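# Structural overview
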Amino acid sequence: MNLTEMAAYFKELGEPVFRAKQVFQWLHRGVFSFDEMTNLSKPLREKLAGRGFFLSSANSINWGRVLPQIVYYISAYCDLMRDGKLQKGEALNVCVPTGNFGNILAAYYAKTMGVPIGKLICASNSNNVLTDFLRTGVYDRNRTFYNTMSPSMDILISSNLERLLFDDIPYLKEAQREHDAFADCLRQQGVEVVYLRDLVAESITDADVRADLIRQFLEESGVKDDRLRESLEDFLSALPDKEMVSAMMAGVRKSQLRANSARLGDYLSAAGDDYPFAVDPLPNLYFTRDPFATIGTGVSIHKMHTATRNRETLFGKFIFEHHPDYRNAPRWYDRGETSSLEGGDILILSPQVLAVGISQRTEEDSIDALAETVLSESKTFRKLLAFDIPKSRSFMHLDTVFTMVDRDKFTVHPNILQQITVFVMELDENRKMKIRQEDGRLEDILKEHLELDKVTLIPCGQGSEIDAAREQWSDGSNTLAIGPGEVVVYSRNYVTNRALEEAGIRLHTIPSAELSRGRGGPRCMSMPLWREDP
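Residues numbered from 1 in each chain as written. Predicted model: local features only at pLDDT ≥ 70, side-chain atom pairs only at ≥ 80, totals over all residues. Heavy atoms only, no water.

## Topic: the side chain of Ser512
The topology assignment puts Ser512 in the segment after β18 (506-510). Here Arg492 takes part through its backbone nitrogen, which lies 3.5 Å from a polar atom of the side chain of Ser512. If we ignore the near neighbours within four places in the chain, the residues touching Ser512 are Glu178, Tyr490, Ser491 and Arg492. (Helix = DSSP H or I, 4+ residues; strand = E, 2+ residues; numbered from the N terminus. Polar contact = N/O pair within 3.5 Å; in protein donor to acceptor, adjacent residues only side chain to side chain. Contact = heavy atoms within 4.5 Å.)

## Side note on helix α8 (residues 172-188)
Given 3.6 residues per helical turn, the α-helix brings residues three or four places apart onto the same face. For α8, with 17 residues, the first-to-last C-alpha span of 24 Å sits near the 24 Å given by 1.5 Å per residue. Within α8, burial applies to Ala175, Glu178, Phe182, Ala183, Cys185 and Leu186. The buried residues of α8 occupy an angular sector of 155 degrees when projected down its axis, which confines them to one face. Exposed residues pointing more than 90 degrees away from the buried face of α8 are listed as Lys173 and Gln188. (Expected span 1.5 Å × (residues − 1). Buried < 20%, exposed > 50% of the residue type's maximum accessible area, 1.4 Å probe, protein only. Arc of directions from axis to C-beta.)

## Considerations on the sheet that holds strand β12 (residues 409-412)
One open sheet accounts for three strands, arranged β11-β12-β15; its pairing is mixed. Strands with a single pairing partner mark the edges of an open sheet, and in this sheet they are β11 (402-406) and β15 (456-459). When the angles between neighbouring strand axes are averaged without regard to direction, this sheet yields 30 degrees. Sheet topology note: the β11/β12 ladder contains four bridges and is antiparallel. Bridge pairing links Asp406 to Lys409 in β12. (Pairing = 2+ DSSP bridges. Axes fitted to C-alpha atoms, helices over the stretch in contact; angles between N-to-C directions.)

## Notes on the environment of Ile104
Along the polypeptide, Ile104 turns up in helix α5 (residues 102-112). Remark: the alpha-carbon pair of Ile104 and Ile121, spanning 17 residues in sequence, is separated by 8.0 Å. Contact partners of Ile104, with chain neighbours within four places excluded, come to Val94, Val96, Leu120, Ile121 and Cys122.

## Description of the environment of Met425
If you trace the backbone, Met425 turns up in strand β13 (residues 420-427). For Met425, a relative accessible area of 3% translates into the label buried. Counting along the chain gives 58 residues from Met425 to Ile367, while the straight-line C-alpha distance between them is 9.7 Å. Aside from chain neighbours lying at most four places away, what touches Met425 is Ile367, Asp368, Ala371, Leu375, Arg382, Lys383, Leu384, Met433, Lys434 and Ile435.

Purely geometric stuff here, so don't read any function into it on its own.
Structure representation (structure tokens):
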């Protein structure tokens, strides 16, 4: 079917005049963008359904497309070995022209399955909305659109999955059951479990604080339409405190705003827009380690790497400004800073030594600021070790590759066992910061700075390249220590768990089939506010 026949077919289907004009404008331009074709297909699908024809679509991250693409990458690598272009195990860099990052996702999965793929290179054109999002954390669907010679890459509106930074979509009910089991596991070991929702609700100490929370929440959610903002204010204000905080975390659907509205405008506000949310949910919020962190007797409230997750830190701000139990805690770092810092990169190795990862999510300027404040004002910390780790999604935080399971034992990803660069930050006798670089084995660096005779490093996957890659994906190195030599782990990481037990570590295993899909382990899902140090 050529373009003229397509336009005639639309007219036969009875498309409204305005859409017929739109179609012919696109035909006159001679090019359809990806977004235009997506919008065009929706009425076509509806019209054909009325005639007994049912069409389904598979976007670029649909498994019906990703699975054969994975097979393609495996087959291509085998072909290159057969033809003598690659030796077995030699890394292959992959470059994909892409707008929605779908095909490159298949290459990524092939890599995690064991194909020796090196760099994943995404080649974008001038409509590089996802490239800019990954670089800056800003997603702008209203930016200038350019017609190019590669219409399949001409994308301004990405999918919900990329926008909300989730690697997979968990089955909600099972994920909730698993999270309840996590909380019960902690309680059974004498841990007092508090929920973020309850802490925020307890921080709403008067009407002014409540109004300020609603105002800042809507500002940071990017709600610019006056009518929509007014509707959201009315909706949130009518809820009890805990329900209001839950709505902020779960997102507000447009259908919720219309349910009890007596205004016609609220029913028409979403005309021409099938996006279901008035305010996006915060699905990553169950990783409470990242938005803020308690460090000794103080707290750091973070500026997150991405705009999507940065909204989460607002809750920490209100807790540490208004909650009766926490409002007087010293502030080591604040969310108003200009460079990013995330809690998964912060590890307390001893009362004197703090470790921070220079990672994909935490920048060196943030570590400078944190070190200056903590070392100057803390009563115990004497040095900060800045670990330079790979800047990639699979190594997003220091605690995804390295966590403490006892005073002298650590679980680590095998990739950082041999050589690592650490910057030692201390104050000199004049209270001025001095920094020195150390390159060496992780074991030697930890022994030196923790003043230990021996350090035991327990590799994820027991050092097996295959097992380590699989269990690193489900956060085998991300353990939660609830006491010296006693940790909470995911049940699915059975190889790493066996290694921990052989090293004398007491394990509390929790179910993890769905929780692990969000890419975070037990440590990521917790933020200890107070520890008893035996």
